[in-house]
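Secondary and tertiary structure notes
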Amino acid sequence: AFTATPVPAAADAPEITPVNMDSMGPPKRDGPMDGFHKIGRKIRAAIDHAEELGLTADQVTKIRTLLQDNRSVVEKLGLDLEEKQIALKRVLMSDADDIVPIKAAIEAMANVKTTMALEHIKAGIAVKKIMSKEQWQKMMDRPLPRGDRDGAGMKKDKSRGDRGDGDDRGRRGGRGPDRDE
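Residues numbered from 1 in each chain as written. Predicted model: local features only at pLDDT ≥ 70, side-chain atom pairs only at ≥ 80, totals over all residues. Heavy atoms only, no water.

Regarding the overall build of the protein chain
The number of helices and strands found in the protein chain is five helices and zero strands. Traced from its N-terminal end to its C-terminal end, the protein chain shows the element sequence α-α-α-α-α. Taking all 181 residues of the protein chain together, 20% fall into the buried category. Across the protein chain, every contact between residues at least 6 apart in sequence was considered, and the portion connecting residues at least 24 apart equals 61%. (Helix = DSSP H or I, 4+ residues; strand = E, 2+ residues; numbered from the N terminus. Buried < 20%, exposed > 50% of the residue type's maximum accessible area, 1.4 Å probe, protein only. Contact = heavy atoms within 4.5 Å.)

A few points about the nonpolar core
Membership of the largest hydrophobic core comes to 13 residues, with the highest contact counts inside it found for Ile43, Leu55, Ile63, Val127, Met131, Trp136 and Met139. At the level of secondary structure, the elements contributing two or more residues to this core comprise α1 (36–48), α2 (50–53), α3 (57–93) and α5 (133–141). Val127 has contacts with Ile43, Ile63, Leu66 and Trp136, leaving out every residue within four places of it along the chain. Of all hydrophobic cores here, the second largest spans 10 residues; its members include Leu88, Val91, Ile102 and Met109. (Core = buried A, V, L, I, M, F, W, Y, C linked by side-chain atoms within 4.5 Å.)

Re the pattern of salt bridges
Evaluated as defined, the whole model comprises six salt bridges. A salt bridge links Glu52 to Arg142; its shortest N-O distance comes to 2.7 Å. Of this pair, Glu52 sits in helix α2 while Arg142 sits in the segment after α5, and the two are 90 residues apart along the sequence. The exposure class assigned to Arg142 is partly exposed, which follows from its relative accessible area of 22%. In this structure, Arg71 engages Glu75 in a salt bridge whose closest nitrogen and oxygen atoms are separated by 3.6 Å. A residue pair is termed a helical-turn pair when its members lie 3 or 4 positions apart in one helix, as Arg71 and Glu75 do in helix α3 at four residues. (Salt bridge = Lys/Arg side-chain N within 4 Å of Asp/Glu carboxyl O.)

A look at the confidence of the model for the protein chain
For the protein chain, mean pLDDT is 76; residues scoring 70 or higher make up 60% of the total. Per-element confidence in the protein chain is highest for α3, whose mean pLDDT is 94, and lowest for α1, whose mean pLDDT is 82. (pLDDT = per-residue confidence, 0-100.)

Points about the packing of α3 against helix α4 (residues 99–130)
Put simply, α3 and α4 touch, their axes get as near as 9 Å, and they point 175 degrees apart. Taken together, the axis directions place α3 and α4 in an arrangement best described as roughly antiparallel. Partitioning the contact of α3 with α4 into residue classes produces 21 nonpolar, six polar and five charged. (Axes fitted to C-alpha atoms, helices over the stretch in contact; angles between N-to-C directions. Parallel < 35°, antiparallel > 145°, perpendicular 65-115°, else oblique. Nonpolar A, V, L, I, M, F, W, Y, C, P; charged D, E, K, R; others polar.)

Observations concerning the side chain of Lys42
Take Lys42: it is sitting in helix α1. Look at Lys42: it is buried, it has no salt bridge, and the nearest opposite charge is Asp141 at 6.8 Å. Setting aside residues up to four positions removed in sequence, Lys42 forms contacts with Met139, Met140, Arg142 and Leu144. (Lys, Arg positive; Asp, Glu negative; His and termini not counted.)

And the structure:
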(Lines give C-alpha, C1' and ligand atoms only; values in the text may rest on other atoms or scores of the structure.)
Protein backbone atom coordinates (compact mmCIF):
# COMPACT_ATOMS: atom_id res chain seq x y z
CA ALA A 1 0.00 0.00 0.00
CA PHE A 2 1.10 3.51 -0.72
CA THR A 3 1.61 5.92 2.17
CA ALA A 4 2.20 9.59 1.57
CA THR A 5 4.75 11.57 3.51
CA PRO A 6 2.92 14.26 5.44
CA VAL A 7 3.56 17.81 4.20
CA PRO A 8 4.66 20.12 7.03
CA ALA A 9 2.37 22.97 7.92
CA ALA A 10 3.51 26.45 6.88
CA ALA A 11 4.60 27.22 10.43
CA ASP A 12 6.81 24.10 10.48
CA ALA A 13 8.40 24.72 7.06
CA PRO A 14 12.01 25.89 7.04
CA GLU A 15 12.55 29.54 6.23
CA ILE A 16 13.88 30.09 2.73
CA THR A 17 16.64 32.65 2.53
CA PRO A 18 16.89 34.44 -0.81
CA VAL A 19 20.28 34.26 -2.50
CA ASN A 20 21.98 37.55 -3.24
CA MET A 21 23.34 37.09 -6.76
CA ASP A 22 25.81 39.95 -6.20
CA SER A 23 27.64 37.74 -3.72
CA MET A 24 28.23 35.07 -6.35
CA GLY A 25 31.56 34.88 -8.14
CA PRO A 26 35.03 35.65 -6.88
CA PRO A 27 35.30 37.20 -3.45
CA LYS A 28 35.71 40.94 -3.22
CA ARG A 29 39.27 42.02 -2.44
CA ASP A 30 38.95 44.50 0.37
CA GLY A 31 41.44 43.25 2.92
CA PRO A 32 44.47 45.11 4.22
CA MET A 33 46.61 43.79 1.33
CA ASP A 34 44.16 44.86 -1.39
CA GLY A 35 45.80 47.02 -3.96
CA PHE A 36 49.37 46.95 -2.67
CA HIS A 37 50.42 45.64 -6.08
CA LYS A 38 48.67 48.59 -7.74
CA ILE A 39 50.92 51.04 -5.93
CA GLY A 40 53.91 49.78 -7.93
CA ARG A 41 52.09 50.54 -11.18
CA LYS A 42 51.22 54.01 -9.90
CA ILE A 43 54.82 54.64 -8.84
CA ARG A 44 56.14 53.60 -12.27
CA ALA A 45 53.56 55.90 -13.90
CA ALA A 46 54.56 58.73 -11.54
CA ILE A 47 57.98 58.83 -13.16
CA ASP A 48 56.30 59.54 -16.52
CA HIS A 49 54.19 62.28 -14.88
CA ALA A 50 56.95 63.73 -12.71
CA GLU A 51 56.29 67.32 -13.80
CA GLU A 52 52.56 67.03 -13.12
CA LEU A 53 53.26 65.62 -9.66
CA GLY A 54 55.96 68.19 -8.96
CA LEU A 55 58.77 65.65 -8.61
CA THR A 56 62.31 66.99 -8.76
CA ALA A 57 65.01 65.39 -10.91
CA ASP A 58 66.65 64.13 -7.71
CA GLN A 59 63.40 62.49 -6.57
CA VAL A 60 62.93 60.82 -9.97
CA THR A 61 66.51 59.50 -9.87
CA LYS A 62 66.03 58.11 -6.35
CA ILE A 63 62.73 56.47 -7.30
CA ARG A 64 64.22 54.93 -10.46
CA THR A 65 67.17 53.53 -8.49
CA LEU A 66 64.86 52.17 -5.84
CA LEU A 67 62.61 50.50 -8.43
CA GLN A 68 65.62 48.95 -10.21
CA ASP A 69 66.94 47.55 -6.93
CA ASN A 70 63.49 46.26 -6.04
CA ARG A 71 63.09 44.64 -9.46
CA SER A 72 66.37 42.73 -9.16
CA VAL A 73 65.41 41.45 -5.68
CA VAL A 74 61.92 40.45 -6.81
CA GLU A 75 63.24 38.75 -9.96
CA LYS A 76 65.56 36.60 -7.82
CA LEU A 77 62.64 35.78 -5.55
CA GLY A 78 60.59 34.89 -8.64
CA LEU A 79 63.23 32.36 -9.67
CA ASP A 80 63.23 30.98 -6.13
CA LEU A 81 59.44 30.71 -6.26
CA GLU A 82 59.63 28.78 -9.53
CA GLU A 83 62.06 26.34 -7.90
CA LYS A 84 59.68 25.90 -4.96
CA GLN A 85 56.77 25.28 -7.33
CA ILE A 86 58.77 22.63 -9.19
CA ALA A 87 59.69 21.02 -5.87
CA LEU A 88 56.01 20.91 -4.90
CA LYS A 89 55.09 19.30 -8.23
CA ARG A 90 57.79 16.68 -7.72
CA VAL A 91 56.50 15.85 -4.26
CA LEU A 92 52.92 15.65 -5.54
CA MET A 93 53.96 13.40 -8.44
CA SER A 94 56.05 11.10 -6.24
CA ASP A 95 54.79 7.93 -4.65
CA ALA A 96 54.94 9.55 -1.23
CA ASP A 97 51.74 9.19 0.73
CA ASP A 98 52.80 11.42 3.61
CA ILE A 99 51.43 14.94 3.97
CA VAL A 100 54.56 16.26 5.72
CA PRO A 101 56.73 16.84 2.59
CA ILE A 102 53.74 18.34 0.76
CA LYS A 103 53.09 20.72 3.64
CA ALA A 104 56.79 21.68 3.75
CA ALA A 105 56.83 22.42 0.01
CA ILE A 106 53.67 24.57 0.27
CA GLU A 107 55.09 26.46 3.26
CA ALA A 108 58.34 27.08 1.36
CA MET A 109 56.33 28.60 -1.51
CA ALA A 110 54.29 30.68 0.91
CA ASN A 111 57.45 32.03 2.53
CA VAL A 112 58.80 33.20 -0.84
CA LYS A 113 55.46 34.81 -1.75
CA THR A 114 55.39 36.58 1.62
CA THR A 115 58.92 37.85 1.10
CA MET A 116 57.99 39.11 -2.37
CA ALA A 117 54.95 40.96 -1.01
CA LEU A 118 57.04 42.52 1.75
CA GLU A 119 59.66 43.66 -0.78
CA HIS A 120 56.97 45.42 -2.82
CA ILE A 121 55.57 47.06 0.30
CA LYS A 122 59.03 48.14 1.48
CA ALA A 123 59.65 49.77 -1.91
CA GLY A 124 56.32 51.59 -1.70
CA ILE A 125 57.15 52.86 1.79
CA ALA A 126 60.59 54.01 0.60
CA VAL A 127 59.04 55.93 -2.31
CA LYS A 128 56.51 57.45 0.06
CA LYS A 129 59.44 58.78 2.12
CA ILE A 130 61.04 60.27 -1.01
CA MET A 131 57.87 62.13 -2.00
CA SER A 132 56.11 64.86 -0.08
CA LYS A 133 52.66 64.07 1.32
CA GLU A 134 51.10 66.20 -1.42
CA GLN A 135 53.03 64.44 -4.18
CA TRP A 136 52.12 61.02 -2.79
CA GLN A 137 48.45 61.98 -2.55
CA LYS A 138 48.43 63.34 -6.12
CA MET A 139 49.97 60.09 -7.32
CA MET A 140 47.47 57.97 -5.40
CA ASP A 141 44.55 60.06 -6.71
CA ARG A 142 45.62 59.50 -10.32
CA PRO A 143 43.83 56.64 -12.08
CA LEU A 144 45.82 53.48 -12.71
CA PRO A 145 47.60 53.45 -16.02
CA ARG A 146 45.82 51.29 -18.57
CA GLY A 147 47.35 48.78 -20.92
CA ASP A 148 50.92 47.66 -21.06
CA ARG A 149 53.97 49.64 -20.01
CA ASP A 150 54.10 51.38 -23.39
CA GLY A 151 50.50 52.51 -22.92
CA ALA A 152 49.41 50.59 -26.01
CA GLY A 153 46.61 48.67 -24.29
CA MET A 154 45.51 45.26 -25.49
CA LYS A 155 46.71 44.47 -28.97
CA LYS A 156 45.09 41.94 -31.22
CA ASP A 157 47.48 39.32 -32.41
CA LYS A 158 47.51 35.67 -33.32
CA SER A 159 47.74 34.60 -29.69
CA ARG A 160 44.56 36.56 -28.82
CA GLY A 161 42.42 35.11 -31.59
CA ASP A 162 42.82 37.58 -34.48
CA ARG A 163 43.82 35.51 -37.50
CA GLY A 164 44.02 38.55 -39.78
CA ASP A 165 41.15 37.34 -41.96
CA GLY A 166 38.45 39.53 -40.43
CA ASP A 167 37.07 36.57 -38.48
CA ASP A 168 37.40 37.54 -34.83
CA ARG A 169 35.65 34.53 -33.32
CA GLY A 170 38.79 33.60 -31.43
CA ARG A 171 40.94 30.51 -31.34
CA ARG A 172 38.10 28.27 -30.32
CA GLY A 173 35.83 29.50 -33.09
CA GLY A 174 33.91 27.33 -35.47
CA ARG A 175 30.84 26.95 -33.31
CA GLY A 176 27.31 27.94 -34.02
CA PRO A 177 25.13 28.02 -37.09
CA ASP A 178 27.34 30.48 -39.03
CA ARG A 179 30.56 28.52 -38.84
CA ASP A 180 32.61 28.06 -41.97
CA GLU A 181 33.45 24.51 -42.99
